[in-house]
Amino acid sequence: MLLQVIWFVLLGVLFAGYAVLDGFDLGVGTLYPFLGKSEADKAVLRKSIGPVWDGNEVWLLTAGGALFAAFPPVYGTVFSGFYLALMLVLFALIFRAVSLDFRAHDPAWAGVWDWAFFLGSALPALLFGVAVGNIVLGIPLYGPGQLSGEFAGNFFTLLGFTPYGFNPLPLCVGLLGLGMFLLQGASWIALKSVGDLHERASALRSTLAWVFVALVMVATVITEIFAPVAFFNVLGAKLPVVGIVFVALLLVSLVWGRLAANGGKDLHAWYAVSLSAVALTGIWAAAIFPALVPSLKDAKGVAYGPALTIFNASSSQLTLMVMLIIAVIGVPIVLYYMYLIYKTFAGKVNPDGDGY
Amino acid sequence: MVMFERRYYKSQSAEDKSWADLWVKIFTATFVIGVATGVTMEFAFGTNWASYSRFVGDIFGAPLAAEGLFAFFLESTFLGVLLFGRNRVSAKFYYVSAWLVWAGSMLSALWIIIANSWMQTPRGFKVVETGNGTMVMIGSKLMNGPKAILTDFFAAALNPSTLPRYTHTVSALLVAGGCVAAAVGAYHLLKGTHKEFAKTSISYGLAVATIFSVMMLVTGHFQAVEVVQQQPVKMAAMEGHWNDGPMPLGFIGFVNTSAKTTTALEIPGGVSFLESFTFTKPYPGLNSFAPADLPPIQATYQTYHLMIVTFALLILGTSWMWWLNHKGKLEENKFLLKVLLWFWLIPQLGIQMGWAAAEIGRQPWIVQGLMRTKDAVSVVVPAYQIALTLAIFFVIYALLFVGWARIVLGLIKKGPQVAASKA
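Q: In this structure, what is going on with the overall build of chain A? I would like to understand it.
A: On a plain count of helices and strands, chain A comes out with 13 helices and four strands. Over its C-alpha trace chain A gives a radius of gyration of 20 Å, about what one expects of a compact globule, namely 21 Å for 356 residues. When the backbone C-alpha atoms are referred to their principal axes, chain A occupies close to 60 × 40 × 35 Å. Counted over contacts in chain A with a minimum sequence separation of 6, partners at least 24 positions apart contribute 76%. Within the structure as shown, chain A displays about 13,100 Å² of accessible surface, and the carbon and sulfur contribution to it stands at 76%. Averaging the locations of the 16 positively and 17 negatively charged side chains of chain A gives two centres separated by 7 Å.

What follows is the structure, given as structure tokens:
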């Protein structure tokens, strides 16, 4: 019982870590064609994430592995149910993984790899939010029988075309996620660049911050109307206080970000939007706890099939304990050397420096 | 790459730096392909093998998560240092980073072999029913929502095939790496460019390839003994052993699956001798197993024996060329240098054939004796989507291969660049 809750929290930490770290480099990749006016600008954009993007992406792999180990039925149901959507993400991540290195070594194909870098960043930046939106809303699962616990929808279900009619929540959260990643990206670029690029990134950061605030408000209203169960969960229907704390953190992060940006404190502005990413992950967790895959509900609140929760879909206590030991040994080591690396590569980017 | 970094760390000469830089570039261009295709494999357990994931997740997920935490983070973080850190970190930090990338690769291989070995020789678990109404055959029993539960972590992780397979796999990939280094050297010696770099690459490459080809005699032996003892059906298929009795050690041959005979150049009782030190120890033949439990026999036999042939070529070829190189006679021998230029294909073929034999020979099981491959798939994914995505993967992987080959071949042709390596 306790171990299941611990693993729910640890998965939240892994997803929050991923949102903070890969969030900004997905954002940089999506902004790349828009902010990269000159070859020198583009070099700064690439080098600003060059040493760290690969390590950042490992947070996703580790979160996926941890989900597999701690809650296997969730892993199986979500990954097979979201098949085409995940394949799209996968194709994008494949291109993104090779694009920077290949571009550096193959000038003749630089245009091809620039596109691969942009699309490989933009597509996941949008689709991760859509996936989160689906999990908040709940997805239709088959009840007991031959297909028990399997996804009972298709690709379009995930875009909001549910068995109970169109629901705008998944697309809305998709846009919210994209907006957040773009803001993280612009904040990172402002932090790492100088001169004209820094001016443009700072201006874009201000605009995107307002867009992000607007998207948060729209998402709040749409969640209240189209996913009331999740909405009241955040307010404390199932789990008191936690949801409210994250909502408060989100508000704090928005104010902090505005003050920091106005004061020209680029590092603090980036910290602030990173806090927004953590807060949104926490709100997401509070909206679904103790489910990992809530079931879709009709207007009267009747569920379409069972939900997969941390209690009915977890691994054995022994596995959860073994995994906890692995995490307790591994996570501090990882955090320590990641801190070392970020410290090593801190400061403004030199467009003529090492690497791609 | 680490050996060249070590050389530069000791000498701090500009020339050694350019050599090390080149190997870092070749390594990283290849590494990103590994990142891209590795993500695919982790996703695939859930996307394409959901029933398998639900059944084994309690045991199989932990090594995957541990691989991410202990290996992927280490590799990818310090690879960033290798790529971007030459002028930012101390020479010692950089050199240690190269070793950490090496350690990450070795750990990555360990965890993934642990996971795969559990599929070959599962231990440390029990099967329970969740009762969710999904009926699956487990072994010979129809069970209601079955799942395997971990009972003993160390028994599961250090199952009987983990260590033999780990040492066997790692020695194979070191041989493969050594042959690539030697081939790059051979290219430049033939062209008459970067002579010192070429000679060093050949020396390092052949030394590593020879040492681990010889090691392979030991690791391959223990791997085979493990298969004889733990997966008798697979071994019988590998040797085309139809009737109960002493098992021969074949070199090349052909299996007639309709007449149930095997014609081969073989040492009678050879496998029996290697496993038990007597030529007469009997083993069950393919005829003794239920036809439904047999793997595709011809494919298992041929892939296994192709691997054996490549191994014979490897141990003779590498040790002979290493000896000639040691005597200083290799660099004059144009013909042998041409052979060496293409010799890296042999370990590549051997690795592919070895894995094919290991995985085809385990069929029809995805987890030996427990779950059949046909019961492991994602039931909700329609066949056309599998076909479509498979076709897209072919196109994407082909594009990646072309992109990678352009870069790596370009880097090799150019060779180490002393002047340009300031960047």
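Next comes the rest of the account.
Q: How should the packing of aromatic side chains be read in this particular structure?
A: Describing an aromatic ring pair means giving the distance of the ring centres and the angle of the ring planes. Within the structure shown, the criterion is met by 45 aromatic pairs over all chains. With a centroid separation of 4.9 Å and 75 degrees between ring planes, the pair formed by F8 of chain A and F289 of chain A is classed as edge-to-face. With F8 of chain A in helix α1 (residues 2-35) and F289 of chain A in the loop between α12 (266-288) and β3 (291-293), the pair connects residues that are 281 residues apart, well separated along the chain. This pair shows no difference in class: F8 of chain A is buried, exactly as F289 of chain A is. Ring pairing ties together the aromatic residues F68, Y75 and F79 of chain A together with F43, F45, Y52 and F60 of chain B, which thus form one cluster. Seen from the ring of W365 of chain B, R372 of chain B lies directly overhead, with NZ or CZ sitting 4.2 Å from the centre.

Q: Before we go on, may I ask you to explain the nonpolar core in this structure?
A: One broad rule of soluble globular proteins: the nonpolar side chains tend to lie buried together. W7, F71 and V74 of chain A together with Y52 and F60 of chain B are the most contacted members of the largest nonpolar core, which has 189 residues in total. Top element by residues in this core is helix α3 (residues 50-84) of chain B. It accounts for 19 residues. Here F71 of chain A is in contact with Q4, W7, F8, L11, A66, L292, I310, A313, S314 and S315 of chain A, once residues within four sequence places are set aside. Counting 17 residues, the second-largest nonpolar core is a separate cluster that includes C179, L324, L330 and L337 of chain B.

Q: In this structure, what is going on with the interface of chain B and chain A? I would like to understand it.
A: When the parts of a complex come together, some accessible area is lost, and that lost area is often used as the size of the interface. Each side of the interface is counted separately: chain B has 78 residues, and chain A has 72 residues. Buried area between chain B and chain A, summed over both chains or domains, comes out near 6,600 Å², and the portion from carbon and sulfur atoms is 72%. In this structure, the connection of chain B to chain A is made through two salt bridges. When the shortest N-O distance is used, the salt bridge between R406 of chain B and D106 of chain A registers 2.7 Å. Seen at the junction of chain B and chain A, the total is 15 residue pairs in polar contact (both at pLDDT 80 or more). Those elements giving two or more residues to the side of chain B that touches chain A turn out to be α2 (14-47), α3, β4 (146-150) and α13 (383-414) of chain B. Looking at the side of chain B that touches chain A, its residues break down into 46 nonpolar, 22 polar and ten charged.

Q: Would you take a moment to explain the packing of helix α1 (residues 2-11) of chain B against helix α4 (residues 91-120) of chain B for this structure?
A: For any two helices packed against each other, one specifies the crossing angle of their axes together with the interaxial distance. Residue and element names in this part refer to chain B. α4 packs onto α1 with a crossing angle of 165 degrees between their chain directions and a minimal axis gap of 10 Å. The angle between the axes of α1 and α4 places the two elements in the roughly antiparallel class. The chirality of how α1 crosses α4 is left-handed. Residues V2, E5, R6 and Y9 of α1 pack against A91, K92, Y94, Y95, A98, W99 and W102 of α4. Residue composition of the contact of α1 with α4, by class: eight nonpolar, no polar and three charged.

Q: Is there a simple way to think about the side chain of Q120 of chain B in this case?
A: All names here are of chain B. Residue position: Q120 is located in helix α4. Under the relative-accessibility criterion, Q120 is labelled buried at 1%. Reaching out from Q120, the side chain makes a polar contact with the side chain of E359 at a distance of 3.0 Å. When residues no more than four places from it in sequence are discounted, the contact partners of Q120 are S161, R165, Q231, K234, A358, E359, R362 and Q368.

Q: How should a nonpolar patch on the surface be read in this particular structure?
A: On the surface, I267, F273, L274, F277 and F279 of chain B cluster together into a nonpolar patch covering about 500 Å² of accessible area. Tracing the sequence through the fold places I267 of chain B in strand β7 (residues 261-267).

Q: It is not clear to me how the confidence of the model for chain B should be interpreted in this structure. Could you clarify?
A: Low pLDDT marks regions whose predicted coordinates should not be analysed in detail. Residue and element names in this part refer to chain B. For chain B, mean pLDDT is 89; residues scoring 70 or higher make up 99% of the total. Taken element by element, the predicted model of chain B shows its lowest mean pLDDT in helix α9 (residues 270-276) (84) and its highest in helix α12 (residues 345-360) (95). For this predicted complex, the interface score ipTM comes out at 0.82, alongside a pTM of 0.85.

Q: Looking at this structure, I do not really get the side chain of N56 of chain A. What am I missing?
A: Relative to the helices and strands, N56 of chain A resides in helix α3 (residues 53-70). Setting aside chain neighbours within four positions, we find N56 of chain A in contact with Y18, L21, D22, F24, D25, M338 and Y342 of chain A.

Q: I would appreciate a short explanation of the environment of G185 of chain B in the present structure.
A: Residue and element names in this part refer to chain B. Relative to the helices and strands, G185 is located in helix α6 (residues 162-191). Relative accessible area serves as the criterion here: at 0%, G185 is assigned to the buried category. For the pair formed by G185 and E196, sequence separation is eleven residues and the distance between their alpha carbons is 9.1 Å. Setting aside residues up to four positions removed in sequence, G185 forms contacts with A198, S201 and I202.

Q: What is the right way to read unusual backbone geometry from this model?
A: With an omega dihedral of 0 degrees, the bond running from F289 of chain A to P290 of chain A counts as a cis peptide bond. As for its placement among the helices and strands, P290 of chain A is situated in the loop between α12 and β3. Omega for the peptide link from Q363 of chain B to P364 of chain B comes to 5 degrees, which places this bond in the cis form. Relative to the helices and strands, P364 of chain B is located in the loop between α12 and β9 (365-367). Of note in the backbone geometry, K260 of chain B takes a positive phi value of approximately 55 degrees without being a glycine. Mapped onto the elements of the fold, K260 of chain B is located in the loop between β6 (249-256) and β7. The phi dihedral of F277 of chain B falls on the positive side, at around 65 degrees, and the residue is not glycine. Here F277 of chain B lies in the loop between α9 and β8 (282-283).

Q: Whenever I open this one, the pairing of β6 of chain B confuses me. Can you help?
A: Consecutive side chains of a regular strand alternate in pointing toward one face of the sheet and then the other. All names here are of chain B. Two elements, β6 and β7, share seven bridges in a ladder whose sense is antiparallel. Note that in β7 the partner of G253 across the bridge is A264. Hairpin connection between β6 and β7: a loop of four residues separates the two successive antiparallel strands, and K260 in this loop has a positive phi of roughly 55 degrees.

Q: Sorry, what's going on with the environment of V379 of chain B here?
A: You can see V379 of chain B is positioned in the loop between β10 (371-372) and α13. Classification of V379 of chain B by relative accessible area gives partly exposed; the value is 47%. Remark: the alpha-carbon pair of V379 of chain B and A50 of chain B, spanning 329 residues in sequence, is separated by 7.8 Å. Leaving out residues up to four positions away in the same chain, V379 of chain B has contacts with L147 and E150 of chain A together with S51 of chain B.

Q: Whenever I open this one, α13 of chain B confuses me. Can you help?
A: Every α-helix winds through 3.6 residues per turn, so residues three or four apart in the chain are directed the same way. Counted at 1.5 Å a residue, the expected span for α13 of chain B with its 32 residues is 46 Å, and the 46 Å between its end C-alpha atoms agrees. Within the sequence span of α13 of chain B, burial applies to Q385, T389, F393, I396, L400, G403, A405, I407, V408, L411 and I412 of chain B. Check the buried side of α13 of chain B and you find it contacts α5 (83-105) and α6 (110-137) of chain A together with α2 and α6 of chain B. G415 of chain B sits one or two residues past α13 of chain B and shows a positive phi near 75 degrees.

Q: What should I look at first to understand the pattern of salt bridges in this one?
A: When their charged atoms lie close together, side chains carrying opposite charge are able to pair. All names here are of chain A. Going through the model one piece at a time under the given rule, you end up with 22 salt bridges over all chains. Across the salt bridge formed by R200 and D41, the nearest N and O atoms sit 2.7 Å from each other. One end of the pair, R200, is in helix α9 (residues 195-226); the other, D41, is in helix α2 (residues 39-49), and 159 residues separate them in sequence. Classification of D41 by relative accessible area gives buried; the value is 11%.

Scoring rules and cut-offs
- Residue numbers here run from 1 along each chain, matching the order of that chain's written sequence.
- Key to labels: chains lettered from A, ligands numbered from 1, both in the order written.
- Only residues with pLDDT of 70 or above have their local features reported here, since the model is predicted, and side-chain atom pairs are shown and tallied only from 80 upward, although totals for entire chains, interfaces and linings are computed over all residues.
- Excluding hydrogens and water, the side-chain figures rest on all heavy atoms present in the structure.
- Each helix is a run of DSSP H or I of at least 4 residues and each strand a run of E of at least 2, with the numbering of both proceeding from the N terminus.
- Each radius of gyration is computed over the set of C-alpha atoms, and the globule rule expresses the reference value as 2.2 Å times the number of residues to the power 0.38.
- What makes two residues a contact is simply this: any of their non-hydrogen atoms within 4.5 Å.
- What sets the accessible areas is the Shrake-Rupley method with a 1.4 Å probe; for residues, cover comes only from the shown protein chains.
- The charged-residue count follows a simple rule in which Lys and Arg add positive charge and Asp and Glu add negative charge, with His and chain termini not counted at all.
- To locate a charge, take atom NZ for lysine, CZ for arginine, CG for aspartate or CD for glutamate.
- For this analysis, a ring pair means two rings from Phe, Tyr or Trp (six-membered ring only for Trp) whose centres lie within 6.5 Å, classed as stacked if their planes differ by under 30 degrees, edge-to-face if by over 60, and tilted for the remaining angles.
- Throughout this description, buried means an accessible area under 20% of the type-specific maximum (1.4 Å probe, protein chains only), exposed means over 50%, and partly exposed covers the range between.
- Only when the NZ atom of a Lys or the CZ atom of an Arg is both within 6 Å of the ring centre and within 35 degrees of the ring normal do we say a charge sits over the ring.
- To form a nonpolar core, buried Ala, Val, Leu, Ile, Met, Phe, Trp, Tyr and Cys residues must be joined to one another through side-chain atoms within 4.5 Å.
- What gets called buried area is simply the loss in accessible area from a 1.4 Å probe that two parts show on being joined, summed for both.
- Should a side-chain nitrogen of Lys or Arg be within 4 Å of a carboxyl oxygen of Asp or Glu, the pair is scored as a salt bridge.
- Distance and chemistry together define a polar contact, namely a pair of N or O atoms within 3.5 Å, with one atom able to donate a hydrogen and the other to accept it when in protein, and with adjacent residues in sequence counting only for side-chain atoms on both sides.
- For this classification, the nonpolar set comprises Ala, Val, Leu, Ile, Met, Phe, Trp, Tyr, Cys and Pro, the charged set comprises Asp, Glu, Lys and Arg, and every other residue, Gly included, is treated as polar.
- Helix axes are fitted to C-alpha atoms over the stretch in contact, other axes to C-alpha atoms as well, and angles between N-to-C directions run from 0 to 180 degrees.
- Small angles under 35 degrees read as roughly parallel and large ones over 145 as roughly antiparallel, with 65 to 115 read as roughly perpendicular and the rest as oblique.
- Crossing handedness is read from the near helix: turned anticlockwise from the far helix by less than a right angle, it gives a left-handed crossing, and turned clockwise, a right-handed one.
- Residues qualify for a patch when their relative accessible area is over 30% and they have no salt bridge, like charges being joined within 9 Å and the nonpolar side chains of Val, Leu, Ile, Met, Phe, Trp and Tyr within 5 Å.
- What pLDDT expresses is the predictor's confidence in each residue, scored from 0 to 100.
- A pair of strands is treated as paired once DSSP finds two or more bridges between them.
- Working rule for helices: expected span equals 1.5 Å times residues minus one.

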